[in-house]
Amino acid sequence: VFFHNALPFVGFGFLDNAIMIAAGTQIELSIGVILGISTMAGNLAGYVEALASRLGLSIPDLTPKQADMWQTRLSAHLGKAIGVTIGCILGMFPLLFFGDEEEKLEEKN
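The rules behind each value
Residues numbered from 1 in each chain as written. Predicted model: local features only at pLDDT ≥ 70, side-chain atom pairs only at ≥ 80, totals over all residues. Heavy atoms only, no water. Helix = DSSP H or I, 4+ residues; strand = E, 2+ residues; numbered from the N terminus. Buried < 20%, exposed > 50% of the residue type's maximum accessible area, 1.4 Å probe, protein only. Contact = heavy atoms within 4.5 Å. Areas by Shrake-Rupley, 256 points an atom, 1.4 Å probe, with all protein chains shown as cover. UniProt positions renumbered as here; feature names shortened; annotations may be inferred. Expected span 1.5 Å × (residues − 1). Arc of directions from axis to C-beta. Patch = residues over 30% accessible without salt bridge, like charges linked within 9 Å, V, L, I, M, F, W, Y side chains within 5 Å. Salt bridge = Lys/Arg side-chain N within 4 Å of Asp/Glu carboxyl O.

A. The overall build of the protein chain, seen in detail. Scanning the protein chain from N- to C-terminus turns up five helices and zero strands. Each of the 109 residues in the protein chain was classed as buried or not, and the buried ones make up 19%. Taking the contacts inside the protein chain whose residues are at least 6 apart along the sequence as the reference set, 85% of them involve residues at least 24 apart. Only carbon and sulfur atoms are counted for the fraction: they give 65% of the accessible area of the protein chain, which is about 8,300 Å².

This is the structure:
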């Protein structure tokens, strides 16, 4: 249950963070202004979960009683939280490609 919930959210956290770091400002200034929405309006989680299902991530075979247990719910929520945390950390890779623009401006002045 933990891994079934964690894996899609690693993908979601990675994509969300990488896209927002790389293109968030441009999205906000172009599409966001035209439509009057924020970059936070998108919902990648549903798409990532559907992709994980198509790639063969199997749903745990639980009885209704097992699915309703507090341990199962806790495992699902912890999997989502830890998965999105790991994905967001991995999704920060675009920061490696940004230069020290502020330091360059200070050197010019």
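B. Looking closely at the UniProt feature "transmembrane region" (unreviewed entry) in the protein chain. The positions that UniProt labels "transmembrane region" (unreviewed entry) are, in the present scheme, residues 78-99. Helix makes up 59% of residues 78-99 and strand 0%, whereas the separation of the span's terminal C-alpha atoms amounts to 35 Å.

C. Looking closely at helix α4 (residues 70-90). In this model α4 runs 30 Å from its N-terminal to its C-terminal C-alpha over 21 residues, within 8% of the 30 Å that 1.5 Å per residue would give. When we look at burial in α4, the residues that qualify are Thr72, Ala76, Gly79, Gly83 and Gly87. Along the long axis of α4, the arc covered by the buried residues comes to 60°, so they all point the same way. With respect to the buried face of α4, the exposed residues turned more than 90 degrees away are Trp70, His77 and Ile89.

D. The arrangement of a nonpolar patch on the surface in detail. Together, Phe14, Leu15, Ile19, Trp70, Leu74, Leu78, Ile82, Ile86, Leu90, Phe93, Leu96 and Phe97 make up an exposed nonpolar region whose accessible area comes to about 1,200 Å². If you list the elements that add at least two residues to the nonpolar patch, you get α1 (2-35) and α4. In terms of residue count, α4 provides more of the nonpolar patch than any other element does, six residues in total. With respect to the helices and strands, leucine 96 occurs in the loop between α4 and α5 (101-108).

E. Broad picture of the environment of serine 53. Along the chain, the position of serine 53 falls in helix α2 (residues 45-54). Relative accessible area serves as the criterion here: at 49%, serine 53 is assigned to the partly exposed category. Once the C-alpha coordinates of serine 53 and proline 8 are considered, the two residues, 45 residues apart in sequence, prove to be 8.8 Å apart.

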